[in-house]
Amino acid sequence: MKGKRILSICRPLLAEVLVTVLALLLLSFLMFRMEWGEEQIRMGVLAVYGLACMAGGCLAGKTARQRRFLWGMGYGGLYFLMLILVSLAGGGAAHAQIEEIVTAFAVCAGTGMAGGMLSVL
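What this report covers is the structure whose coordinates are included nearby.

Side note on the overall build of the chain
Okay, step 1: On a plain count of helices and strands, the chain comes out with four helices and zero strands.
Okay, step 2: For the chain, the α and β elements follow one another from N to C terminus as α-α-α-α.
Okay, step 3: Taken over C-alpha atoms, the radius of gyration comes to 15 Å for the chain, in line with the 14 Å a tight globule of 121 residues would show.
Okay, step 4: If one aligns the C-alpha atoms of the chain with their principal axes, the spans along those axes are about 50 × 30 × 25 Å.
Okay, step 5: When burial is assessed residue by residue, the chain has 24% of its 121 residues classed as buried.

Next up, the structure:
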């Protein structure tokens, strides 16, 4: 019973990581082929965050079955926390501006919440 509960908690996070890896591979291919500028790359990374959080929020909402939007927003926030920790480990978060951090959090939490609400479908 405990193992099943832990798996149900980790499944949305694993889905977010898988979607992130696949979407970043696609984004890097598009960057290489189209020679995008810095602004297009930023928008692409935010789109990857949103796509991953929506997938995780949808899976979390299907698992929770009540207060789906809160579960989705929670998993979006957890994804953001993982991004910050990975960024700190790599030394990238120290140079980030507060506007970029707030925007990334809003995208993660908002799309996670939207995924949770869409899990009804």
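The structure having been displayed, the exposition proceeds.
Here's the deal with the state of the cysteines
Okay, step 1: According to the stated counting rule, one finds zero disulfides in the structure shown.
Okay, step 2: Distance from the sulfur of cysteine 108, which forms no disulfide, to the nearest cysteine sulfur (cysteine 53) is 3.8 Å.
Okay, step 3: Of the residues examined, cysteine 108 reaches a relative accessible area of 0% and is grouped as buried.

Comments concerning helix H4 (residues 98-118)
Okay, step 1: The terminal C-alpha atoms of H4, which comprises 21 residues, lie 30 Å apart, in line with the 30 Å expected from a rise of 1.5 Å per residue.
Okay, step 2: Residues of H4 that are buried: Ala104, Cys108, Ala109, Thr111, Gly112, Gly115 and Gly116.
Okay, step 3: Where H4 is buried, its residues touch helix H2 (38-64) and helix H3 (68-90).

Concerning the nonpolar core
In globular proteins that are soluble, nonpolar side chains generally tend to be buried together.
Okay, step 1: Grouped together as the largest cluster of nonpolar side chains are six residues: Ala52, Cys53, Tyr79, Phe80, Ala104 and Cys108.
Okay, step 2: Breaking this core down by element, the ones donating at least two residues are H2, H3 and H4.
Okay, step 3: Once residues lying within four places of it in the same chain are set aside, the contact partners of alanine 104 are Leu46, Tyr49 and Phe80.

Thoughts on the packing of aromatic side chains
Okay, step 1: Evaluation of the coordinates by the stated rule reveals three aromatic pairs.
Okay, step 2: Where phenylalanine 80 meets phenylalanine 105, the ring centres are 5.3 Å apart and the plane angle is 75°; that geometry is what we call edge-to-face. Of the two residues, phenylalanine 80 is situated in helix H3 and phenylalanine 105 in helix H4; the sequence distance between them amounts to 25 residues.

With respect to the packing of helix H1 (residues 2-34) against H2
Okay, step 1: It is the contact of H1 with H2, at a shortest axis distance of 8 Å, that shows an interaxial angle of 155°. Classified by the angle between their axes, H1 and H2 sit roughly antiparallel to one another. As for the relative orientation of H1 and H2, their crossing is right-handed in sense.
Okay, step 2: Taken together, the residues of the contact of H1 with H2 break down into 16 nonpolar, six polar and two charged.

With respect to the side chain of glutamate 16
Okay, step 1: Note on placement: glutamate 16 falls in helix H1.
Okay, step 2: For the buried glutamate 16, no salt bridge is present, and the opposite-charge side chain at shortest range is arginine 11, 13 Å distant.

Here we look at H2
Okay, step 1: Taking 1.5 Å per residue, 27 residues should reach 39 Å; H2 reaches 39 Å between its end C-alpha atoms and fits that length.
Okay, step 2: Every buried residue belonging to H2 is among Gly44, Val48, Gly50, Ala52, Cys53, Gly56, Gly57, Ala60 and Gly61, and all of these are buried.
Okay, step 3: The inward-facing, buried residues of H2 abut H1, H3 and H4.
Okay, step 4: At the C-terminal side of H2, arginine 65 shows a positive phi close to 70°.

Cut-off values and rules
Residues numbered from 1 in each chain as written. Predicted model: local features only at pLDDT ≥ 70, side-chain atom pairs only at ≥ 80, totals over all residues. Heavy atoms only, no water. Helix = DSSP H or I, 4+ residues; strand = E, 2+ residues; numbered from the N terminus. Rg over C-alpha atoms; globule rule 2.2 N^0.38 Å. Buried < 20%, exposed > 50% of the residue type's maximum accessible area, 1.4 Å probe, protein only. Disulfide = S-S within 2.5 Å. Expected span 1.5 Å × (residues − 1). Contact = heavy atoms within 4.5 Å. Core = buried A, V, L, I, M, F, W, Y, C linked by side-chain atoms within 4.5 Å. Phe/Tyr/Trp six-rings, centres within 6.5 Å; stacked < 30°, edge-to-face > 60°. Axes fitted to C-alpha atoms, helices over the stretch in contact; angles between N-to-C directions. Parallel < 35°, antiparallel > 145°, perpendicular 65-115°, else oblique. Left-handed = near helix turned anticlockwise from the far one by under 90°. Nonpolar A, V, L, I, M, F, W, Y, C, P; charged D, E, K, R; others polar. Lys, Arg positive; Asp, Glu negative; His and termini not counted. Salt bridge = Lys/Arg side-chain N within 4 Å of Asp/Glu carboxyl O.

Shape is all these values report; function is a separate question.
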